[in-house]
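Working through the structure, step by step
What follows is the residue order along each chain.
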Amino acid sequence: MLPQSIARTSPFGRCPASFYFKRFRHSSRILPPPPPSSKILLVKKPNDDKVSAAFRSIIEHLRAKYPNAQLYQDSASSKIVEGVEALRQTNRPLDIDLVITLGGDGTILRASSLFPDGPVPPVLSFSLGTLGFLLPFNIDSFPQAIEDFFRGRSTVLERMRLACKVLDGSGEQVCGEDACGYQVMNEVTLHRGRSPHLNIVDAFVDGQHLTEAFSDGLIVSTPTGSTAYSLSSGGPIVHPSMKALLLTPICPRSLSFRPLILPGLSSLRLRISEKSRAPAEVSMDGQEARILKPGESIQVEASPYPIPCINRPTPPEEQGTGEGYDVVEQDGWVRDINRLLHFNASFKSSATVHVSRE
């Protein structure tokens, strides 16, 4: 239990320390009930018959049970369905009350990209893709999940995003065609692209020179992105409720260049060295953004606009026991790294492997 001094100074007054743990255990917060005329944006995986069928079912359900809700659709994902409006620039970011995604993890990344310069509405995600590490809900549960949202029974885990901007050789910000900055949910990747030469990158943390990196590239990821490209490059797995920046090298020349976890308030700048024999390509959440020439850099910080992802309540058979556990507050992270990533799974004994021979 927490000391009584902590219990007394909690936001809830003189409440038991166990209650304090239940409310803030994974930094979740309860969503208030939305207005009946909520504006709902649907984002789906394109060119998939199973996803399209689920998409139509959800639209029919929303029309029947929540007739006052206004439905919008991401026009880039598929043809606009009759009775559903295409998302316009004036609809975002503040006018949308809920985002529903259907597909794989890429649909959440797509939803994140639709809100590049402001707050993101709650995101309700249904798994219809390959892995689905970011997708807590099975598609069969959509009626109950949507009802929980409208009744104010949903909780969200605010997943950190990265705010990124490109700087020229003099340190001035460079703007692109659409915006002057980027909001990234998984990772920013600086890599050598098609060049056969290693990149030489100077890394700075809060203005202090950290290292000169000779490598195929560097990854700056969020805790959410720690299970993506960064993990494949040897980075650590970090709980998504943490506020941190992960710096992971890609095939570094030095064996002593290990991944780093930096405080969430850090400012990280990656500058292409004048000694580098080639420019570097920059990718944001897997999408190519631009090319950096020697002397140019990218600055990465924690974004003030995280992604509020709606949690799936933990089934009774998966609940923990003991003080501090709460059905509503479980976010399923432990379950998912075991079920989807097979965390620390042992190799099968060769004696149990049967090879059929013809």
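Anyway, here's the lowdown on the structure attached to this text.

Basis of the calculations
The residue numbering used here restarts from 1 in each chain and proceeds along that chain's sequence as written. Local features in this predicted model are restricted to residues of pLDDT 70 or higher, and side-chain atom pairs are both shown and tallied only at a pLDDT of 80 or more, whereas totals for entire chains, interfaces and linings draw on every residue. To get the side-chain values, all heavy atoms of the structure are used, and hydrogens and water are removed first. Counting from the N terminus, the helices are DSSP H or I runs at least four residues long and the strands are E runs at least two residues long. Using a 1.4 Å probe on the protein chains alone, a residue whose accessible area is under 20% of its type maximum counts as buried, one over 50% counts as exposed, and one in between counts as partly exposed. By the convention used here, residues are in contact when the closest approach between their heavy atoms is within 4.5 Å. The method behind every accessible area is Shrake-Rupley, applied with a 1.4 Å probe, and residues are considered shielded solely by the protein chains displayed. Two strands qualify as a pair provided DSSP detects at least 2 bridges between them. For helices, the fitted axis covers only the stretch in contact; all axes are lines through C-alpha atoms, and the angles between them, taken along N-to-C directions, range from 0 to 180 degrees. Multiplying 1.5 Å by the residue count of a helix minus one yields the expected span of that helix. Two aromatic rings, drawn from Phe, Tyr or Trp (for Trp, its six-membered ring), form a pair once their centres lie within 6.5 Å of each other, and the interplanar angle then sorts them: stacked below 30 degrees, edge-to-face above 60, tilted otherwise. Two thresholds decide whether a charge sits over a ring: the Lys NZ or Arg CZ must be within 6 Å of the ring centre and within 35 degrees of the ring normal.

All right, on to the overall build of the protein chain then. In terms of regular secondary structure, the protein chain is built from seven helices and 22 strands. Taken across its 358 residues, the protein chain has 49% of its residues classed as buried. Contacts spanning at least 24 positions in sequence make up 67% of the contacts within the protein chain whose residues lie at least 6 apart. Surface accessibility of the protein chain: about 18500 Å² in total, with carbon and sulfur atoms responsible for 51%.

It is worth spelling out the sheet that holds strand β15 (residues 217–221) at this point. Strand order in the open sheet made by the six strands is β17-β16-β15-β12-β19-β20, with antiparallel pairing throughout. Taken across any chain shown, the strands that pair with only one partner, and hence form the sheet edges, are β17 (260–263) and β20 (287–292). Across the sheet, the mean angle from the axis of one strand to that of its neighbour is 20 degrees, orientation sign disregarded. Examined bridge by bridge, strand β12 (residues 187–191) and β15 share five bridges and lie antiparallel to one another. Residue pairing in the sheet places Thr 189 in a bridge with Ile 219 of β15.

An ideal rise of 1.5 Å per residue puts 24 Å on 17 residues; helix α3 (residues 49–65) measures up with 24 Å between its terminal C-alpha atoms. Contacts made by the buried residues of α3 are with β2 (39–44), β3 (70–73), β5 (98–103), β6 (123–127) and α5 (142–150).

A few words now on the packing of aromatic side chains. Tallied over the full model, the rule gives three aromatic pairs. Aromatic pair Phe 149 and Phe 150: ring centres 5.4 Å apart, planes at 80 degrees, arrangement edge-to-face. With relative accessibility at 3%, the residue Phe 149 sits in the buried group. Grouped by ring-pair contacts, the aromatic residues Tyr 66, Phe 149 and Phe 150 constitute a single cluster. We note Lys 44 situated over the ring of Phe 55; from NZ or CZ to the ring centre the distance is 5.8 Å. Its guanidinium or amino end placed over the ring of Phe 214, Arg 253 lies 4.1 Å from that ring's centre, counting from NZ or CZ.

Just geometry here; none of it tells us what the structure is for.
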